[in-house]
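# Secondary and tertiary structure notes
The chain contents come next:
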Amino acid sequence: MTATARKTEVPITTLTTGGGTVVQMVKRPARKLDLSRIGAGMARNVVPPLVVAALLLALWQLTCSQAGSSLPPPSQVWIDSFDLIAYPFFNYGSQDIGLAWRVLVSLERVAIGFGLAAIVGVLLGAVVGQSVWALRGLDPIFQILRTVPPLAWLPLSLAAFQDSNPSAIFVIFITSIWPVIINTAVGVRNIPDDYRNIARVLRLNPLEFFARIMVPAAAPYIFTGLRIGVGLSWLAIVAAEMLTGGVGIGFFIWDAWNSSRLSDIIVALAYIGVTGFVLDKLVALLGSVVTRGTAAN
């Protein structure tokens, strides 16, 4: 046996069965961490966006550096808004705070409004998907209400709540609930009949059927609706805060516009985009974990 063959030799164990037959079992070698493969995967996912971003920044710099340009180039944004970029968590007063704190204030409102929309949306979607009469009665109303722009709800919510904070939360709720309802209803309607037959055999009550059959089977559809809903909720809060005030990221953009601080607006837009991207990925990750767990069960 050569040295190379000895290195690749796989250990073998024997197992004797009750009939006296000897079965050879091959032990699988332990998996080793392949750093080169991980590095190649990161390069495929990270390098292309960085290259595209660098090209866009270069194009932006060349275009806006010309005389008479109405927008500042990236170099000017860096100079004008260095404090906002380098120190996102500074706090010198009620309105003199870093953009990270403003984003957290907006996220708190999104968490409340979107959380309520997720709970109510899944429950209503389950009812609409399970009941033909509920589908006929509620679906046309949902289809009409979901086309109303988010800010169109703001005057009504301000009149109802008499306060800007619950009004903004209501706008988030009413904006993000529709994709959750619709996708949940579609997922419930697509539950295989075999699952329903199993529930009848096991004599599951409606609550058990909802928790053990309906939600796991419709989970991919539910999380698709949640991903759409969380994106809409982030869009709605930024727009609502421009009109309701406060210390959120939306009001900061409106205040910067009134003060002609275009560089600050550009930095705030970057914060908004990155935060929305992270929210979408978090919901997608949660959905993959839940659907993988339900599939395993």
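All figures in this text were calculated on a predicted structure; none of them were measured in a lab.

With that out of the way, let us pick up unusual backbone geometry. Not every positive phi belongs to a glycine, and glutamine 162 is a case in point at roughly 60°. Of note, arginine 203 is a non-glycine position whose phi angle comes to about 55°, a positive value. By the element assignment, arginine 203 lies in the loop between helix 9 (193-202) and helix 10 (206-244).

Using the criterion set out here, one finds four salt bridges in the structure. In this structure, arginine 109 engages glutamate 241 in a salt bridge whose closest nitrogen and oxygen atoms are separated by 2.9 Å. On the criterion of sequence distance, the pair formed by arginine 109 in helix 5 (residues 99-130) and glutamate 241 in helix 10 is long-range, its members being 132 residues apart. Glutamate 241 carries the same exposure label as arginine 109, and that label is buried. Salt-bridge contacts for arginine 261 lead to aspartate 264; the nearest nitrogen and oxygen are separated by 2.7 Å. Within the structure, one salt-bridge network assembled from shared partners comprises Asp255, Arg261 and Asp264.

Further remarks concern the nonpolar core. Leu99, Leu226, Trp234, Ile237 and Ile249 are the most contacted members of the largest nonpolar core, which has 53 residues in total. Only helix 5, helix 8 (164-189), helix 10, helix 11 (249-258) and helix 12 (262-296) provide two or more residues apiece to this core. For this core, the element with the highest residue contribution is helix 10, accounting for 13 residues. Dropping the residues within four chain positions of it, isoleucine 249 is found in contact with Leu99, Arg102, Val103, Ser106, Trp234, Val238, Glu241, Ala268 and Ile272.

Turning next to a nonpolar patch on the surface. Side chains of Leu35, Ile38, Met42, Val46 and Leu50 sit close together on the surface and give an oily, nonpolar patch of about 500 Å² of accessible area. Mapped onto the elements of the fold, leucine 50 is located in helix 2 (residues 35-64).

A complete count under the given rule lists seven aromatic pairs for this structure. Relative to phenylalanine 82, the ring of tryptophan 78 has its centre 5.3 Å away and its plane inclined at 75°; by these criteria the two rings are edge-to-face. Their ring planes at 50° and their centres at 5.8 Å tell us that phenylalanine 161 and phenylalanine 170 sit as a pair that is tilted. Among the aromatic side chains, those forming a connected cluster through ring pairs are Trp78, Phe82 and Tyr87. The ring of tryptophan 133 has arginine 136 lying over it, and the distance from NZ or CZ to the ring centre is 5.4 Å.

Between helix 10 and helix 11, whose axes approach to 6 Å, the crossing angle comes to 45°. One element, helix 10, and the other, helix 11, form an angle in the oblique class. In this structure, helix 10 meets helix 11 at a crossing whose hand is right-handed. Taking contact as the criterion, the partners of Trp234, Val238, Glu241 and Met242 in helix 10 are, on helix 11, Ile249, Gly250, Phe251, Ile253 and Trp254. Across the contact of helix 10 with helix 11, the residue classes break down as seven nonpolar, one polar and one charged.

Before going further, it helps to spend a moment on the environment of leucine 158. Structurally, the position occupied by leucine 158 is in helix 7 (residues 154-161). As for leucine 158 and threonine 244, which are separated by 86 residues in sequence, their C-alpha atoms are 9.0 Å apart. Residues in contact with leucine 158, not counting those within four places in the same chain, are Asp163, Ser164 and Ser167.

You can see tryptophan 101 is positioned in helix 5. Beyond its immediate chain neighbours, meaning those up to four positions away, tryptophan 101 contacts Pro88, Phe89, Phe90 and Asn91.

Another point: the confidence of the model for the protein. Put simply, the protein has an average pLDDT of 84, and 87% of its residues get 70 or more. Mean pLDDT values for the elements of the protein range from 45 in helix 1 (residues 3-7) up to 93 in helix 5. Segment residues 1-10: pLDDT under 50, and four contacts once partners within four positions in sequence are set aside and those in other chains are kept.

This part covers the side chain of threonine 175. Among the structural elements, threonine 175 can be located in helix 8. For threonine 175, a relative accessible area of 11% corresponds to the buried category. Residues contacting threonine 175, with those up to four places away along its chain left out, are Pro150, Leu232 and Ala236.

Cut-offs and rules
- Residues numbered from 1 in each chain as written.
- Predicted model: local features only at pLDDT ≥ 70, side-chain atom pairs only at ≥ 80, totals over all residues.
- Heavy atoms only, no water.
- Helix = DSSP H or I, 4+ residues; strand = E, 2+ residues; numbered from the N terminus.
- Salt bridge = Lys/Arg side-chain N within 4 Å of Asp/Glu carboxyl O.
- Buried < 20%, exposed > 50% of the residue type's maximum accessible area, 1.4 Å probe, protein only.
- Core = buried A, V, L, I, M, F, W, Y, C linked by side-chain atoms within 4.5 Å.
- Contact = heavy atoms within 4.5 Å.
- Patch = residues over 30% accessible without salt bridge, like charges linked within 9 Å, V, L, I, M, F, W, Y side chains within 5 Å.
- Areas by Shrake-Rupley, 256 points an atom, 1.4 Å probe, with all protein chains shown as cover.
- Phe/Tyr/Trp six-rings, centres within 6.5 Å; stacked < 30°, edge-to-face > 60°.
- Lys NZ or Arg CZ within 6 Å of the ring centre and 35° of its normal.
- Axes fitted to C-alpha atoms, helices over the stretch in contact; angles between N-to-C directions.
- Parallel < 35°, antiparallel > 145°, perpendicular 65-115°, else oblique.
- Left-handed = near helix turned anticlockwise from the far one by under 90°.
- Nonpolar A, V, L, I, M, F, W, Y, C, P; charged D, E, K, R; others polar.
- pLDDT = per-residue confidence, 0-100.

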